[in-house]
Amino acid sequence: MASTRKLNSLYAKLHDKLPPVGKAASFLTGTGVLTANSIAVGLPIWTFGAAKVLTGSKRADKALIEITKYWINSNNAVIDHALPHKDWRINLPEGLSEDKQYLLVSNHQSWVDTSIVQYISQDTLPLTRFFTKFNLIYIPVIGQAFYFLDFPMIKRFSPKAMAKNSELKNKNLIEAKRACRQLKNKPFALLNYLEGTRFTSEKHDKQASPYEHLLKPRAGGLSLAINALGEQLDSILDITIVYPDGIPDYEDLWKGNIRRLGVDVTRLKVPDELFAAIMEGGYDRDEATKNMMFDWLEEIWQQKDARITKMLSEFE
């Protein structure tokens with residue numbers, strides 16, 4: 001404990017007295033740990049991943065999850081000890097558990113967002129997975145980890161290609177549902193950025209978004225996940241992330257530039273009528289179900305927009 005306090009004090013002094021050196025020290029620590037972890041877990045992930053794919057071993061799957069948690073927790077330790085002077089205000093609801101099944105929705109501003117979700121999830125939520133592009137499988141270690149850990153990996157086709165061949169859209173839906181159902185018999189937190197892309201002022205203006213801090217939400221991915229997993233979900237959690245000092249780049253996290261951060265997590269309740277309609281597959285074939293879904297999301301997004309305004313004002 002004493003050594004930890006000394007380490008924290010060292011980084012704090014460097015940031016206070018020699019800011020460029022302090023930022024460099026934090027950045028080198030963060031990227032060093034990330035690189036070392038990627039090298040260290042590469043072989044175990046491949047070994048247990050191959051065993052899981054070839055034999056369906058639950059022990060191999062459990063080992064994969066434990067290795068990944070170690071990977072994430074090591075990165076979180078850097079955030080705790082090498083990034084000083086953090087005013088991070090995190091509000092979580094009671095009753096969360098690593099043994100349950102959750103859908104997560106969040107606003108999306110930066111590549112940092114996913115690291116923040118992983119940070120707040122430690123010892124609180126199951127391993128967080130998210131929809132990702134299938135071609136990421138070719139990234140060494142990380143791409144294969146996504147596959148072995150049952151991240152829903154989707155082959156995305158361009159709107160032009162789907163217009164020429166409607167079967168491509170159906171293929172995407174079938175594959176996405178199959179990927180979601182792989183999670184059914186284990187604890188999980190499945191993250192969906194409802195805006196579909198990171199927030200920028202240009203995108204906000206182009207959309208003519210009615211929200212001050214948000215892009216328009218998209219309903220398809222959430223509806224699909226509810227349809228595939230809804231009957232067994234413990235909760236849908238709405239994560240709101242704010243950066244009072246401006247939207248950061250990923251390197252800002254590891255340099256210790258994100259001094260102020262707000263995270264608020266609340267539970268969402270899908271109206272019974274809407275839930276039943278989605279479970280019957282109505283979102284894909286029924287305009288009334290789509291309209292109900294968009295009305296519900298619009299109300300949630302209005303509340304979220306107001307919540308962001310309030311959270312930002314509390315930092316002033």
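Heads up: the structure comes first, above all this text.
A brief look at the structure comes next. As the structure is a prediction and not an experimental result, all values here were calculated from the model.

Reading the values: rules and limits
Residues numbered from 1 in each chain as written. Predicted model: local features only at pLDDT ≥ 70, side-chain atom pairs only at ≥ 80, totals over all residues. Heavy atoms only, no water. Helix = DSSP H or I, 4+ residues; strand = E, 2+ residues; numbered from the N terminus. Rg over C-alpha atoms; globule rule 2.2 N^0.38 Å. Buried < 20%, exposed > 50% of the residue type's maximum accessible area, 1.4 Å probe, protein only. Contact = heavy atoms within 4.5 Å. Areas by Shrake-Rupley, 256 points an atom, 1.4 Å probe, with all protein chains shown as cover. Core = buried A, V, L, I, M, F, W, Y, C linked by side-chain atoms within 4.5 Å. Pairing = 2+ DSSP bridges. Axes fitted to C-alpha atoms, helices over the stretch in contact; angles between N-to-C directions. Patch = residues over 30% accessible without salt bridge, like charges linked within 9 Å, V, L, I, M, F, W, Y side chains within 5 Å. Salt bridge = Lys/Arg side-chain N within 4 Å of Asp/Glu carboxyl O.

A count of helices and strands for the chain gives 12 helices and 8 strands. Rg of the C-alpha trace for the chain: 21 Å, near the compact-globule value of 20 Å for 316 residues, within the 12% margin. Counting across all 316 residues of the chain, residues that qualify as buried make up 47%. Long-range pairs, those at least 24 residues apart, make up 74% of the contacts in the chain with a sequence separation of at least 6. For the chain, the exposed area adds up to about 16400 Å²; of that, 55% sits on carbon and sulfur atoms.

The biggest cluster of nonpolar side chains holds 46 residues, and the ones touching the most others in it are Ile45, Trp88, Leu104, Ile116, Ile239, Leu253 and Leu261. In terms of residues, this core owes the most to one element, helix H3 (residues 58-82), which gives 8 residues. The next biggest cluster of nonpolar side chains, apart from the first, holds 34 residues, and it includes Ala219, Ala228, Ile278 and Phe315.

Another aspect to go through is the pairing of strand E2 (residues 101-106). Burial analysis of E2 places 6 of its 6 residues in the buried class, the great majority of the element. Here E2 shows two buried faces, one formed by Gln101, Leu103 and Val105 and the other by Tyr102, Leu104 and Ser106. Summarising the sheet, E2 and strand E6 (residues 188-193) pair through 6 bridges and their orientation is parallel. Directly across from Leu103, in E6, lies its bridge partner Leu190.

Spatial ordering of the open sheet is given by E1-E8-E7-E2-E6-E3, a layout of 6 strands whose pairing is mixed. On the outer flanks of this sheet lie strand E1 (87-91) and strand E3 (128-130), each paired with one strand and no other. In this sheet, neighbouring strand axes are inclined to one another by 25° on average, regardless of whether the strands run parallel or antiparallel.

Attention now goes to a nonpolar patch on the surface. Taken together, Val53, Leu54 and Tyr147 make up a surface patch of nonpolar side chains, about 340 Å² in accessible area. Take Leu54: it is sitting in helix H2 (residues 19-55).

Another aspect to go through is the side chain of Thr132. Relative to the helices and strands, Thr132 is located in strand E4 (residues 132-133). Given the relative accessible area of 4%, Thr132 is considered buried. Ignoring anything within four residues of it in the chain, the contact list for Thr132 reads Phe146, Phe151, Pro152, Met153 and Ile154.

The phi angle at Asp150 is positive, at roughly 65°, despite the residue not being glycine. Position of Asp150 among the secondary structure elements: in the loop between helix H5 (142-148) and strand E5 (153-154). You can call Asp150 buried: its relative accessible area is 7%. In this model, Ala208 sits at a positive phi of 55°, which is unusual for a non-glycine residue. Residue position: Ala208 is located in the loop between helix H8 (201-207) and helix H9 (220-229). According to the relative accessible area criterion, Ala208 is exposed, its value standing at 57%.

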